[in-house]
Amino acid sequence: MQLTCGNIYHIYNRGINNQPVFNNRNNYIYFLTKVRKLLFPVCDILSYCLMPNHFHFVIGANERSIVEVKAGALQMQSFSAALKSVLSGYTNGFNRQNKRTGSLFVQNTKSKDLELGNKQGNYAFHCFNYVHQNPWVAGLSGKMEDWEFSSFKDYAGFRNGSLCNKELAIKLLSLNMKTLYTESYQTISK
C-alpha cells in the first residue's frame with residue numbers, strides 16, 4: 001500500500017475464511033502491544049477497533065509513514081513495513097499459542113484513502129464512527145463503550161488511553177467533544 005502524507009486512511013484486515021484472530025483477552029492485548037511498539041511510531045492512529053475476526057484502524061499518514069525502508073528484499077514505506085511486522089509477529093505468537101501453522105490474516109491488508117473534504121461530506125468522520133460502532137452493531141456489546149478493544153472508550157471519556165492522537169483527530173475530523181457521544185450513536189443506525 002502507498003500512503004500520501006497528510007491523508008487519512010481506513011486500514012483493515014480479517015482472518016482467513018473469517019476465522020477468529022483473537023481468542024481471548026490476552027490475544028487482543030498482545031496485538032495492541034505490537035501496534036504500540038511498531039505502528040504507533042510511524043503514523044497517527046486516530047481510532048481503532050479489534051473484533052474477534054478482524055480489525056480496523058483509522059490513521060493519519062505523516063512524514064514518518066512514508067519514509068522508504070528496506071524490508072528483506074523489498075523496498076516499502078515505513079508504515080507498510082511496520083504493519084507487516086505487526087501482523088507477522090502476532091501470527092507467529094498466535095500460532096505458537098494455538099499449536100497451528102500458516103497464515104492467519106488475509107494476504108493483503110486493505111487501505112482506503114478517506115480523502116478529507118470529499119464531495120460526499122465528511123467521509124472520514126463517518127468511518128471514524130463506523131469503526132467504533134462495529135461491536136455494537138455486531139451485537140457483541142450493549143453499548144459502544146462496553147467494548148474494551150476500541151478507542152471509543154477513550155473518546156467518550158471512559159478511559160484515558162494514549163494510543164490515539166485525539167487532538168489530531170479532533171482537528172482533522174472536526175469532532176465536537178461535547179456532542180461526540182450522541183453523534184457517535186446517530187451516524188450509522190443499528
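In case you missed it, the structure is sitting above this.
Residues numbered from 1 in each chain as written. Predicted model: local features only at pLDDT ≥ 70, side-chain atom pairs only at ≥ 80, totals over all residues. Heavy atoms only, no water.

On to the packing of aromatic side chains. In total, this model carries 20 aromatic pairs according to the counting rule given. Note on Phe128 and Tyr155: the rings are 4.9 Å apart at their centroids and 85° apart in plane angle, and the pair reads as edge-to-face. Highlighted residues: Phe128 in helix H3 (residues 123–137) and Tyr155 in helix H4 (residues 152–155), separated in sequence by 27 residues. On the basis of relative accessible area, Phe128 is assigned to the buried category, the value being 0%. Look at Tyr155 and you get buried, because its relative accessible area is 4%. (Phe/Tyr/Trp six-rings, centres within 6.5 Å; stacked < 30°, edge-to-face > 60°. Helix = DSSP H or I, 4+ residues; strand = E, 2+ residues; numbered from the N terminus. Buried < 20%, exposed > 50% of the residue type's maximum accessible area, 1.4 Å probe, protein only.)

Positive phi, close to 60°, is recorded for Asn18, a residue that is not glycine. Topologically, Asn18 is positioned in the loop between strand E1 (8–14) and helix H1 (25–39). Its relative accessible area of 46% is what places Asn18 among the partly exposed residues.

Judged by nonpolar contacts, the single largest core of 48 residues is most densely connected at Phe31, Leu50, Phe57, Ile59 and Phe79. Elements with a contribution of two residues or more to this core: E1, H1, strand E2 (44–51), strand E3 (54–60), helix H2 (78–98) and H3. Top element by residues in this core is H2. It accounts for 7 residues. Not counting the four nearest positions on each side in its chain, Ile59 is found in contact with Leu3, Asn7, Ile8, Tyr9, Ile11, Cys43, Asp44, Ile45, Leu46 and Phe79. (Core = buried A, V, L, I, M, F, W, Y, C linked by side-chain atoms within 4.5 Å. Contact = heavy atoms within 4.5 Å.)

Counted under the stated rule, the structure contains 2 salt bridges. Here Glu148 makes a salt bridge to Arg25, at a shortest N to O gap of 2.5 Å. Taken together, the residues span a long stretch of sequence, with Glu148 in the loop between H3 and H4 and Arg25 in helix H1 at a distance of 123 residues. Owing to a relative accessible area of 28%, Glu148 belongs among the partly exposed residues under this scheme. For Arg159, the salt bridge is made with Asp154, and the minimal N-O distance between the two is 2.8 Å. Judged by its relative accessible area of 26%, Arg159 falls in the partly exposed class. (Salt bridge = Lys/Arg side-chain N within 4 Å of Asp/Glu carboxyl O.)

A separate point is H1. Across its 15 residues, H1 extends 20 Å between first and last C-alpha, which sits within 8% of the 21 Å expected from 1.5 Å per residue. Along H1, the residues that are buried comprise Asn27, Tyr28, Phe31, Leu32, Lys34, Val35 and Leu39. One side of H1 carries all its buried residues, which in axial view fall inside an arc of 155°. In this structure, H1 carries Asn26 and Lys37 as exposed residues pointing more than 90 degrees from its buried face. Residues of H1 that are buried sit in contact with E2, E3 and H2. The opening residue of H1 is Asn24, an N-cap whose side-chain oxygen sits 3.1 Å from the backbone nitrogen of Asn26. (Expected span 1.5 Å × (residues − 1). Arc of directions from axis to C-beta. Polar contact = N/O pair within 3.5 Å; in protein donor to acceptor, adjacent residues only side chain to side chain.)

Before going further, it helps to spend a moment on the layout of surface pockets. Volume-wise, the largest pocket comes out at about 480 Å³. Around the largest pocket, the lining is made up of 16 residues, and of these Lys84, Leu87, Val106, Gln107 and Thr109 lie nearest the centre. Broken down by element, the lining of the largest pocket gets its largest block of residues, 6 residues, from H2. Split by residue class, the lining of the largest pocket holds 8 nonpolar, 7 polar and 1 charged. Considering only enclosed or pocket space, the second largest pocket measures out at about 200 Å³ in volume. The wall of the second largest pocket is formed by 13 residues, among which Leu32, Arg36, Tyr48, Arg159 and Leu163 lie closest to the centre. Sort the elements by how many residues they give to the lining of the second largest pocket and H1 lands first, with 5 residues. (1 Å grid on protein atoms, 1.4 Å probe; cavity = no way out; pocket = protein on both sides within 12 Å on 5 of 7 lines; lining within 4 Å. Points joined across faces, edges and corners; volume = space filled by probe spheres on them. Nonpolar A, V, L, I, M, F, W, Y, C, P; charged D, E, K, R; others polar.)

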